[in-house]
Structure formats: C-alpha cells, structure tokens
Amino acid sequence: MSQWPIGVFASLDAGLGVHLDVVQELNIPSIQLHTPRPETRTQESADRFAAKCADAGITITCMFGGFEGESYADIATCVRTVGLVPPETQQARVQEFKEISDFARMLGLDAVGLHIGFVPEDVSSDSYHTLLDVTRDLLDHIGNNGQTLHLETGQESADHLLEFIKSVDRDNLFINFDPANMILYGTGEPIEALKKVGRYVRSIHCKDATWAPEDKRGEAWGQEVPLGDGDVGIKNYLQTLRDLGYDGPLTIEREIPEDRDRQKADIGQAVRLLESLRSEILAE
Ligand code: MG
C-alpha cells in the first residue's frame, strides 16, 4: 500500500466499528477489524471474509480484541472491567486473546491490537508483576503466530506506558496510538505523548475529542467529536507522524454506533479531511 492509506475501524458482528458495506460505499481501502464473536472465529468464516475484502479491494491491517463484560460506561467502570488487568477474568481473557490471535492468523494478519486495561501505577505491586507475566506469555503465543501486539493508548500516561513496555521486554510489543483517548481519559497532551512513544507506534487511530473540565480530568470523560472538531489538532498530529517516519494506515474511528447515519456522514467527512491534509503534508 502507498504511504498513509485511509482506513476505518470495522466490525463483522460485534464491536463498535462500521460494517463492510459502509467501508465499500465510502471507498476506504483499509480496515482494522474488531474481533468477531467466538462462534464466528473459524477458518471457514476467515476464508469467506478474506475473499469478500479482497473482492472489494480492502486490506485488513490489524485485528482488535475485545471481551465480553467490558464496559466503557465511565472511567471507573473501565478500570474495573477492561482488558487483561481485572484479576477475576485475567486467565480466561489471556486464553481467549490467544484464540483471537489464532483467528487473525487464519486471516493472514501480522498484527493484533488490544486495550490491555489500566496498567497498575505501582510497579512494585503484585498486580503489576502478574500483568507482566501474562503479557509475556501472550506475546510468546502471538510471536509464534508471526504477529506483533499493538497496545491501544489512553489509559496510561506516555511515561507509564513506556515503562511498562520496557519492563515486559519482548520484541513484538508495540503501540496503536489514539490521540483522542489521551484527551478522553485525561492522560496527557496527545502530541507530546506521541513524540515520547513514537518509536513504538506501529498503527494509529484518527479520532478527535475535547477535554473534560480541568478539575474533572481523569475522572470524567472528555467528549468524542468528529475528526477536526476537537482538541487533538489533526494537522499537527499528521505532521508529527510524518516526522516520526510513520507511513502506515490512517485508521478513522467514530464511536457513535447508536447513530449509524451520523457515524457514516462523520467518517465520510473525516476521509475528505485526511485526504486533503495528506496531500498537503506529504508535499511539504
Ligand atoms: Mg482507538
């Protein structure tokens, strides 16, 4: 693919992404795919979906995992329910993510992505060390499938995420950078964060958001908004990605599945914005 192909977060039968007909209608050449439900993770459905994408000229660039029981209702609920951190579901989810990686391999994918959860702040705690252990175990399995793991950003500051990646100490652990999440979770100014973690960034989301009021940051969500309308500064974001040497897909996320018409319209507008900025910035 050429530099910075446009992409969008998509789903088959589960998750927040748009469906394939919308991807085709908007003429978007790449997708990140939210993992389908367990009963759909078969070779037969992988072959069918891969053929459908190939026919439509769509490249799948990464598969994102997600788990039953996760809730993004508010930040406190996220802490309790998301990713590999909650102890009561940890082992089962590690096992399930290995199966998701196996399904991604059936689709021929070399990258999988994950919200790992809120990495414990205390690096001397048992929960931090247990998370290191299960992450290494998972990365070994993913590595055997010839894949890298991209951690979604937002739930940690850039410094803490870097510290975690260094502690895990595996060569197939990278980052899917989402600038809006840094704002939504109140974990840091996104461009500054991107510069810090840039060497690990292997895929990205193009999503925008406005900050929560200053005294509420980290406790209450900011607001996700159409690309270009928020506080990320999309031009600066793309210029920074170019300066870091990032040449992968620009994968749009617009997380309003409750309003599919508006979601489609906003994504269409995001495509036009990104195409225009891409011509401008790559010509500089
Ligand atoms: Mg994202």
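Before reading on, note that the structure itself is shown above.
Everything numeric here is computed off the predicted structure, so don't read it as measured data.

## Focus on the pattern of salt bridges
Then, number 1: Here the structure, examined in full by the defined rule, presents 16 salt bridges.
Then, number 2: The partner of R254 in a salt bridge is D266, with the nearest N and O atoms 2.9 Å apart. Taken as a pair, R254 in the loop between β10 (250-252) and α10 (260-282) and D266 in helix α10 lie far apart in primary sequence, 12 residues in all.
Then, number 3: A salt bridge links R262 to D266; its shortest N-O distance comes to 3.7 Å. Taken as a pair, R262 and D266 lie in helix α10 at a separation of 4 residues, close to a single helical turn.
Then, number 4: Judged by its relative accessible area of 41%, R262 falls in the partly exposed class.
Then, number 5: Among the residues examined, D266 registers a relative accessible area of 10% and is labelled buried.

## Some thoughts on the side chain of K98
Then, number 1: When you line up the elements, K98 lands in helix α4 (residues 90-106).
Then, number 2: Side-chain polar atoms of K98 contact the side chain of D137, separated by 3.0 Å.
Then, number 3: Setting aside anything within four residues of it in sequence, one finds K98 in contact with D137, L138 and H141.

## Topic: the packing of aromatic side chains
Ring pairs (aromatic) are described by centroid distance and by the angle formed between their planes.
Then, number 1: Applying the stated criterion to the full structure yields 6 aromatic pairs.
Then, number 2: Their ring planes at 65 degrees and their centres at 5.7 Å tell us that F118 and Y185 sit as a pair that is edge-to-face. Of this pair, F118 sits in the loop between β4 (111-114) and α5 (126-144) while Y185 sits in the loop between α7 (179-184) and α8 (190-197); the two residues are 67 residues apart in sequence, bridging distant segments of the chain. In this structure, F118 and Y185 share a single accessibility class: buried.
Then, number 3: A ring pair is formed by Y185 and W221, whose centres lie 4.8 Å apart and whose planes are at 75 degrees; its orientation type is edge-to-face. With a gap of 36 residues between them, Y185 in the loop between α7 and α8 and W221 in the loop between β8 (208-210) and β9 (223-225) connect regions that are remote in the sequence.
Then, number 4: A residue is classified by how much of its surface remains accessible, and Y185, at 4% relative accessible area, is buried.
Then, number 5: Judged by relative accessible area, W221 falls into the partly exposed class, the value being 28%.

## Considerations on the environment of G245
Then, number 1: Along the chain, G245 turns up in the loop between α9 (234-243) and β10.
Then, number 2: Residues G245 and G198, spaced 47 residues apart in sequence, show a C-alpha to C-alpha distance of 9.0 Å.

## Re the coordination of the magnesium ion
Then, number 1: The protein atoms that coordinate the magnesium ion are E152 (OE), D178 (OD), H205 (ND1) and E253 (OE), at distances spanning 2.0 to 2.2 Å.
Then, number 2: Linear spacing of the donor residues for the magnesium ion on their chain is E-x25-D-x26-H-x47-E. Taken together, the positions of E152 in strand β5 (residues 148-152) and H205 in strand β7 (residues 201-206) put the pair 53 residues apart, joining distant regions of the chain.
Then, number 3: Given the relative accessible area of 5%, E152 is considered buried.

Cut-off values and rules
- Residues numbered from 1 in each chain as written.
- Predicted model: local features only at pLDDT ≥ 70, side-chain atom pairs only at ≥ 80, totals over all residues.
- Heavy atoms only, no water.
- Salt bridge = Lys/Arg side-chain N within 4 Å of Asp/Glu carboxyl O.
- Helix = DSSP H or I, 4+ residues; strand = E, 2+ residues; numbered from the N terminus.
- Buried < 20%, exposed > 50% of the residue type's maximum accessible area, 1.4 Å probe, protein only.
- Polar contact = N/O pair within 3.5 Å; in protein donor to acceptor, adjacent residues only side chain to side chain.
- Contact = heavy atoms within 4.5 Å.
- Phe/Tyr/Trp six-rings, centres within 6.5 Å; stacked < 30°, edge-to-face > 60°.
- Donors = N, O, S within 2.8 Å, 3.2 Å for Na, K, Ca; no water.

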